[in-house]
Amino acid sequence: MSNIAQARNALTKRILERAAQASIAERRAAFNNNGLAEPVRSLVDKVATHAYRITDQDIAAATASGLSEDRVFEIVVCAAVGQATRQYDTAFAALNAAADATPRGE
Amino acid sequence: MRLRILDGGHGFGTKALFALIRTISRQPVLDVIKLVKYRADFYGGPMSSVTHEAMRGPSSWSVGDRELMAAFIARTNQCEFCTKAHSAVAQRAYGDSKTVSACLTDVETAGIEEPLRATLLMLGKLTRERAVNADDMRAVLTAGASRQQVEDALAVCFSFNVIGRLADAFGFFVPGPEAFESGAKYLLARGYR
């Protein structure tokens, strides 16, 4: 496994598998952008698809729904890493298909 | 910064570090530093390892090329903070501002080598459309980029598709050029760890 793959795996394991304030189920749902209730669902979807459109109100709605700032912090981090991971994995699969070679680097 | 904890929820030692940074650089502490130093065991620590490896680890792309990719990805994501931050680093690494400016204006006509141009175009599509296909990758390989170079570029893309989203979600303050210049000097001297 390459250094970058090891570092990415360590990041993913930390945010999804170890202790934090948001539950593991909540963090996984944010990572996968799937299975969350409003208003967190909308916030996570914006993080994944067009983060530049996020407003003060999006974050305020999440905290007003009862989430602590630490839980919002963790959920947003998981949403961002999840989307970047999906894009990376899609691109890596496309590279493997183009090169028609044994996958390397993972 | 939209979460108060990211602005002022750090421990005493980290706050002392921020005071030192402000004194030495005579610039405000960038919000990206406040983010990576908040509960660093959760995000900042492991993410900094990823980004340092992508941006400063072994690669046949130069540091300037990788910083240009970061700026290009940030521009595609419409992330003002990251575009300005990494444009400043790339300009300093290259020793000229024209290359970065030309690439961010129109990568098709910028005066860069074809493998880098094709790689930037692929990274732009991946970031904009959140997917690429085998034909997109063949175009990069045909232009002369090696498979390892594509893998290295995808690592840069991963990092900046995380960081840009967080910058926009948490509402990073965008300071003036002096603060980004100060940050660029630090990132070239010390990297991301």
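Residues numbered from 1 in each chain as written. Chains lettered and ligands numbered in written order. Predicted model: local features only at pLDDT ≥ 70, side-chain atom pairs only at ≥ 80, totals over all residues.

Undergrad: Would you mind going over the overall build of chain B with me for this structure?
TA: Secondary structure assignment for chain B yields 11 helices and 0 strands. What you see in chain B, going N to C, is helices and strands ordered as α-α-α-α-α-α-α-α-α-α-α. Here the C-alpha atoms of chain B give a radius of gyration of 17 Å, agreeing with the 16 Å that 2.2 N^0.38 yields for 193 residues. For chain B, the residues scored as buried account for 49% of the 193 residues in total. (Helix = DSSP H or I, 4+ residues; strand = E, 2+ residues; numbered from the N terminus. Rg over C-alpha atoms; globule rule 2.2 N^0.38 Å. Buried ≥ 20, exposed ≤ 12 C-beta atoms within 10 Å, placed from the backbone.)

Undergrad: Is there a simple way to think about the overall build of chain A in this case?
TA: The number of helices and strands found in chain A is 5 helices and 0 strands. Taken from N to C terminus, the helices and strands of chain A fall in the order α-α-α-α-α. Taken along the three principal axes of its C-alpha coordinates, chain A extends 50 × 30 × 20 Å. Buried residues in chain A amount to 40% of all 106 residues. Look at the contacts in chain A between residues 6 or more apart in sequence, and 59% of them connect residues 24 or more apart. (Contact = placed C-beta atoms within 7 Å.)

Undergrad: What exactly am I supposed to notice about the interface of chain A and chain B here?
TA: Accessible area lost when the parts come together is the quantity often used to give the size of an interface. Of the residues lining the interface, 37 residues belong to chain A; the matching set on chain B comes to 41 residues. Ranked by residue count, the leading element in the side of chain A that touches chain B is helix 5 (residues 69-99) of chain A, at 21 residues. A class-by-class count of the residues in the side of chain A that touches chain B yields 26 nonpolar, 5 polar and 6 charged. (Nonpolar A, V, L, I, M, F, W, Y, C, P; charged D, E, K, R; others polar.)

Undergrad: What should I look at first to understand the nonpolar core in this one?
TA: In globular proteins that are soluble, nonpolar side chains generally tend to be buried together. Ranked by internal contacts, the top residues of the largest apolar core, which has 95 residues, are A:Val47, A:Val76, A:Ala79, B:Cys157 and B:Leu166. For this core, the leading source of residues is helix 5 of chain A, giving 15 residues. (Core = buried A, V, L, I, M, F, W, Y, C linked by C-beta atoms within 7 Å.)

Undergrad: Before we go on, may I ask you to explain helix 4 (residues 44-56) of chain B in this structure?
TA: For an α-helix the count is 3.6 residues per turn, leaving residues at separations of three or four pointing the same way. With 13 residues, helix 4 of chain B should cover 18 Å at 1.5 Å per step; its first-to-last C-alpha distance of 17 Å lies within 8% of that length. At its buried positions, helix 4 of chain B is contacted by helix 1 (3-17) of chain A together with helix 3 (31-37), helix 5 (63-76) and helix 10 (147-170) of chain B. (Expected span 1.5 Å × (residues − 1).)

Undergrad: What's the story with the environment of B:Arg147 in this structure? I'm lost.
TA: By secondary structure assignment, the location of B:Arg147 is in helix 10. A residue is classified by how many C-beta atoms lie within 10 Å of it, and B:Arg147, with 17 of them, is partly exposed. Sequence-wise, B:Arg147 and B:Ile21 are 126 residues apart; in three dimensions their C-alpha atoms are separated by 40 Å. In contact with B:Arg147, not counting residues within four places along its chain, are A:Leu95, A:Ala99 and B:Leu141.

Undergrad: Hey, could you run me through helix 5 of chain B in this one?
TA: Residue and element names in this part refer to chain B. With 14 residues, helix 5 ought to run about 20 Å at 1.5 Å a step, and its terminal C-alpha atoms sit 20 Å apart, in line with that. Of all 14 residues in helix 5, 12 are buried; the element is thus mostly enclosed. Taken together, the buried positions of helix 5 are Asp65, Arg66, Glu67, Leu68, Met69, Ala70, Ala71, Phe72, Ile73, Ala74, Arg75 and Thr76. Backbone geometry just downstream of helix 5 places Gln78 in the positive-phi region, at approximately 60°.

Undergrad: Honestly, the confidence of the model for chain B in this entry has me stumped. Any pointers?
TA: Low pLDDT marks stretches whose predicted atomic positions should not be read closely. Scored by pLDDT, chain B has a mean of 97; 100% of the residues are at 70 or more. The ipTM value of the predicted complex is 0.96, and its pTM value is 0.96. (pLDDT = per-residue confidence, 0-100.)

Undergrad: Can you walk me through the packing of helix 2 (residues 24-32) of chain A against helix 5 of chain A in this structure?
TA: Geometrically, a packed helix pair is captured by the angle between its two axes and the distance between the axes. Residues and elements named next belong to chain A. One way to put it is that helix 2 packs onto helix 5 with a least axis distance of 6 Å and a crossing angle of 40°. Between helix 2 and helix 5, the angle is such that the two are oblique. In the crossing of helix 2 with helix 5, the sense of the turn from one axis to the other is right-handed. Of the residues in helix 5, those touching helix 2 at Glu26, Arg27, Ala30, Phe31 and Asn32 are Glu74, Ile75, Cys78, Ala79, Val81 and Gly82. Residue classes in the contact of helix 2 with helix 5 are distributed as 6 nonpolar, 2 polar and 3 charged. (Axes fitted to C-alpha atoms, helices over the stretch in contact; angles between N-to-C directions. Parallel < 35°, antiparallel > 145°, perpendicular 65-115°, else oblique. Left-handed = near helix turned anticlockwise from the far one by under 90°.)

Undergrad: Would you mind going over the packing of helix 5 of chain B against helix 7 (residues 98-105) of chain B with me for this structure?
TA: All names here are of chain B. Running from amino to carboxyl end, helix 5 crosses helix 7 at an angle of 30°, the nearest separation of the two axes being 10 Å. Relative to helix 7, the element helix 5 lies roughly parallel. As helix 5 packs across helix 7, the resulting crossing turns out to be right-handed. For the pair formed by helix 5 and helix 7, the contact residues are Leu68, Ala71, Phe72 and Arg75 on the first element and Val100, Cys103 and Leu104 on the second.

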